[in-house]
Amino acid sequence: LMYTDETNHSAYLYELHKQITQISNGSHSMIHYAAEDIPVFYHFGFPELLRFKLFYWRKSILNHQSLLQTRFETFQVDEDLVTVCNQIHQAYQRTPSAEIWTEETIMSTIHQIKFYWNAGFFQNKESALDLCDCLNRLLDDVKAQADVGMKRSAHSFNGVNYAMYQSDLMIGNNGVIVELQDHLAVFLGYLSFNFVRSENKVFAAQNKMWLDHLKAKSTLISGVSEKHRNQFFKSLVRHVDTLRRFINADE
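If you're wondering where the values come from, they're calculated on a predicted model, not measured in any experiment. (Residues numbered from 1 in each chain as written. Predicted model: local features only at pLDDT ≥ 70, side-chain atom pairs only at ≥ 80, totals over all residues. Heavy atoms only, no water.)

Counting secondary structure elements, the protein contains eight helices and eight strands. Computed over the C-alpha atoms, the radius of gyration of the protein is 18 Å, within 12% of the 18 Å expected from 2.2 N^0.38 for a compact globule of 251 residues. Taking the principal axes of its C-alpha atoms as reference, the protein extends roughly 50 × 45 × 30 Å. Taking all 251 residues of the protein together, the buried fraction comes to 51%. In the protein, 72% of the contacts between residues at least 6 apart in sequence involve partners at least 24 apart. Just so you have it, the protein exposes about 12100 Å², and 51% of that area is on carbon and sulfur atoms. For the protein, the centre of its 24 positive side-chain charges and the centre of its 28 negative side-chain charges are spaced 4 Å apart. (Helix = DSSP H or I, 4+ residues; strand = E, 2+ residues; numbered from the N terminus. Rg over C-alpha atoms; globule rule 2.2 N^0.38 Å. Buried < 20%, exposed > 50% of the residue type's maximum accessible area, 1.4 Å probe, protein only. Contact = heavy atoms within 4.5 Å. Areas by Shrake-Rupley, 256 points an atom, 1.4 Å probe, with all protein chains shown as cover. Lys, Arg positive; Asp, Glu negative; His and termini not counted. Charge placed at Lys NZ, Arg CZ, Asp CG, Glu CD.)

Our next topic: the pairing of strand E4 (residues 156-166). Relative to E4, strand E2 (residues 97-101) is paired through five bridges, and the arrangement is parallel. Residue pairing for E4: Trp 101 is matched across the bridge by Gln 166. For strand E3 (residues 150-153) and E4, the ladder comprises three bridges, and the chain directions are antiparallel. When the sheet's bridge partners are listed, Ser 153 is paired in E4 with Ser 156. The loop that links E3 with its antiparallel partner E4 comprises two residues; one of these, Ala 154, has a positive phi angle of about 50°. As judged from the two bridges shared by E4 and strand E8 (residues 219-220), these two strands associate in the antiparallel manner. Counterpart to Tyr 165 in the pairing with E8 is Leu 220. (Pairing = 2+ DSSP bridges.)

Roughly 310 Å³ of volume is contained in the second largest pocket. Lining the second largest pocket are 16 residues; nearest its centre among them are Gly 45, His 89, Asp 141, Arg 152 and Ala 154. Secondary structure elements with two or more residues in the lining of the second largest pocket: helix H4 (79-93), helix H6 (125-148) and E3. Here the lining of the second largest pocket is built from residues that sort into six nonpolar, eight polar and two charged. (1 Å grid on protein atoms, 1.4 Å probe; cavity = no way out; pocket = protein on both sides within 12 Å on 5 of 7 lines; lining within 4 Å. Points joined across faces, edges and corners; volume = space filled by probe spheres on them. Nonpolar A, V, L, I, M, F, W, Y, C, P; charged D, E, K, R; others polar.)

Next up on the list: the packing of helix H3 (residues 47-61) against helix H5 (residues 107-119). The interhelical angle for the contact between H3 and H5, taken along N-to-C directions, is 70°, at an axis separation of 11 Å. The angle between H3 and H5 places the two elements in the roughly perpendicular class. Here H3 runs over H5; the crossing is left-handed. Residue-level contacts link Phe 52, Lys 53, Phe 55, Tyr 56, Lys 59 and Ser 60 of H3 to Thr 109, Gln 112, Ile 113, Phe 115 and Tyr 116 of H5. Residues of the contact of H3 with H5, tallied by class, amount to six nonpolar, three polar and two charged. (Axes fitted to C-alpha atoms, helices over the stretch in contact; angles between N-to-C directions. Parallel < 35°, antiparallel > 145°, perpendicular 65-115°, else oblique. Left-handed = near helix turned anticlockwise from the far one by under 90°.)

A word on H5. Its 13 residues place the ends of H5 18 Å apart at the C-alpha level, agreeing with the 18 Å of an ideal helix rising 1.5 Å per residue. Buried residues along H5 sit in contact with helix H2 (40-43), H3, H6 and helix H8 (226-249). Of the residues one or two after H5, Gly 120 is the one with positive phi, at around 80°. (Expected span 1.5 Å × (residues − 1).)

What follows concerns the side chain of Ser 29. Mapped onto the fold, Ser 29 is located in the loop between helix H1 (7-25) and strand E1 (30-34). Overall, Ser 29 belongs to the buried group, its relative accessible area being 9%. Looking at Ser 29, its side chain comes within polar contact range of the main-chain oxygen of Ile 23, at 2.7 Å. (Polar contact = N/O pair within 3.5 Å; in protein donor to acceptor, adjacent residues only side chain to side chain.)

By themselves, these figures tell us nothing about what the structure is for.
And the structure:
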């Protein structure tokens with residue numbers, strides 16, 4: 001839980017690292033991710049997006065008093081925390097996963113960047129535009145995974161299975177179901193980025209049924225449906241292009 005003091009955000013990330021490392025080390029683990037927002041693990045693979053997310057969470061969600069007068073460019077991240085976040089990203093990339101995205105999945109990050117630009121929390125335009133470039137590279141990486149149905153580590157395909165579904169339905173919240181060797185674990189997001197973990201068999205089965213129904217109403221776009229996949233990613237890139245034009249137009 002991160003809503004007590006400033007040190008708890010770091011503790012949260014260390015706990016996330018512990019959880020995802022245990023999952024990735026499991027011999028039969030599988031992550032099913034209903035992504036209302038871009039799965040947080042991806043941001044951790046891009047230094048500027050990682051720094052922006054940490055800044056946004058601490059300044060605007062957790063209301064850390066030490067950041068009241070701070071702009072993005074002067075925000076300093078502890079290097080040990082950066083290392084932990086990189087390891088979180090790497091562990092996710094080692095874990096077979098199925099993700100369900102909608103066209104809205106990218107919008108929360110876009111709205112956050114746009115809000116910070118409007119609020120004057122960037123010192124210069126280049127910083128905001130760099131984040132747009134990072135988002136494009138993130139989408140390129142995810143699309144490359146979807147093209148071949150396999151995850152990437154250090155820009156090389158690593159043999160780990162990856163499935164991506166595109167849904168036209170609103171997901172409503174970030175829901176993660178993890179298949180472990182002999183049971184299911186459910187992670188449900190609340191209060192922006194806290195999560196509840198449950199391994200209750202009845203509750204986990206209900207959530208797995210919900211996610212399976214959502215998949216059944218979605219289109220598998222990894223490894224198949226090339227035209228549909230290309231159209232979907234073009235629509236996501238257009239949202240980034242719209243943000244870029246908005247920033248460039250503001251003199």
